[in-house]
Amino acid sequence: MRCKKDGKKRIIGKYIVILAGFAFLCAAEGKGSCRNVTAADSSAARALADGNYAVDVVLTGGSGKASVESPTLLIAEEGRYFARITWSSPNYDYMVVDGETYYNQNTDGGNSRFQIPVLAFDEEMPVIADTVAMGAPHEIAYTLRFYSDSVGSESSLPQEGAKRVLIMAAVIIIAGGILNYFINKRRKRDYLGADR
């Protein structure tokens with residue numbers, strides 16, 4: 001009887017190793033695909049096909065307390081580029097880029113989010129952001145720098161990574177449930193002495 005239990009433990013161990021290996025390979029594949037689309041320089045970034053990408057962005061200026069989410073969504077449309085800028089605060093109501101005003105698109109009370117044009121890669125791009133955090137509205141000058149060598153697949157965005165983790169967790173839970181069902185079925189059969 002001891003031999004059968006050890007055999008079951010080995011089988012369970014093998015299934016766990018297989019599931020863990022599968023999860024690792026899928027996670028590694030997701031990370032590898034994060035940088036499938038690259039741009040060697042600013043001109044290469046301008047040659048992107050229409051679609052959604054991720055790009056690293058750095059904010060400077062102001063008091064240094066504010067930040068923006070990076071990487072951020074980069075949208076390529078007919079040779080023009082737009083970035084979805086998500087601030088670390090819900091207190092920004094508009095941004096000014098190249099003389100045009102862009103209003104907060106986040107209506108659910110979360111951090112301020114804007115879709116603005118990307119005027120340049122690999123150089124400082126001046127913007128103004130209006131904050132209401134200090135009681136009265138104040139326009140603050142910032143600069144954004146978009147790095148063309150970081151342009152990659154949209155899957156490298158934090159939201160996309162979270163989706164992959166949830167999908168992998170669901171797959172592992174379902175596979176574990178199926179495995180548990182068959183192990184318990186076999187255990188019950190062995191305990192009752194059926195099929196001997």
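Topic: the packing of aromatic side chains
Summed over the entire model, instances satisfying the criterion amount to 6 aromatic pairs. Relative to Phe121, the ring of Tyr81 lies with its centre 5.7 Å away and its plane at 80°, an arrangement referred to as edge-to-face. Of this pair, Tyr81 sits in strand E3 (residues 80-86) while Phe121 sits in the loop between strand E6 (113-117) and strand E7 (125-131), and the two are 40 residues apart along the sequence.

Describing the confidence of the model for the protein
Averaged over all residues, the pLDDT of the protein equals 77, while 69% of them reach at least 70. Between residues 27-44, whose pLDDT stays under 50, and residues either more than four places distant or in other chains, the model counts 28 contacts.

Thoughts on the pattern of salt bridges
If you walk through the whole model with that rule in mind, you get 1 salt bridge. Between Glu124 and Arg145 there is a salt bridge whose closest N-O contact spans 3.5 Å. Placement of Glu124 in the loop between E6 and E7 and of Arg145 in strand E8 (residues 138-153) is noted, with a sequence separation of 21 residues between them.

Some remarks on the pairing of strand E5 (residues 100-103)
Bridge analysis of strand E4 (residues 92-97) against E5 gives 4 bridges, and the strand direction is antiparallel. Along E5, the bridge assignment pairs Val97 with Glu100. Linking two consecutive strands that pair antiparallel, namely E4 and E5, is a turn of 2 residues; a positive phi of about 55° is found at Asp98 within it.

Reading the values: rules and limits
- Residues numbered from 1 in each chain as written.
- Predicted model: local features only at pLDDT ≥ 70, side-chain atom pairs only at ≥ 80, totals over all residues.
- Heavy atoms only, no water.
- Phe/Tyr/Trp six-rings, centres within 6.5 Å; stacked < 30°, edge-to-face > 60°.
- Helix = DSSP H or I, 4+ residues; strand = E, 2+ residues; numbered from the N terminus.
- pLDDT = per-residue confidence, 0-100.
- Contact = heavy atoms within 4.5 Å.
- Salt bridge = Lys/Arg side-chain N within 4 Å of Asp/Glu carboxyl O.
- Pairing = 2+ DSSP bridges.

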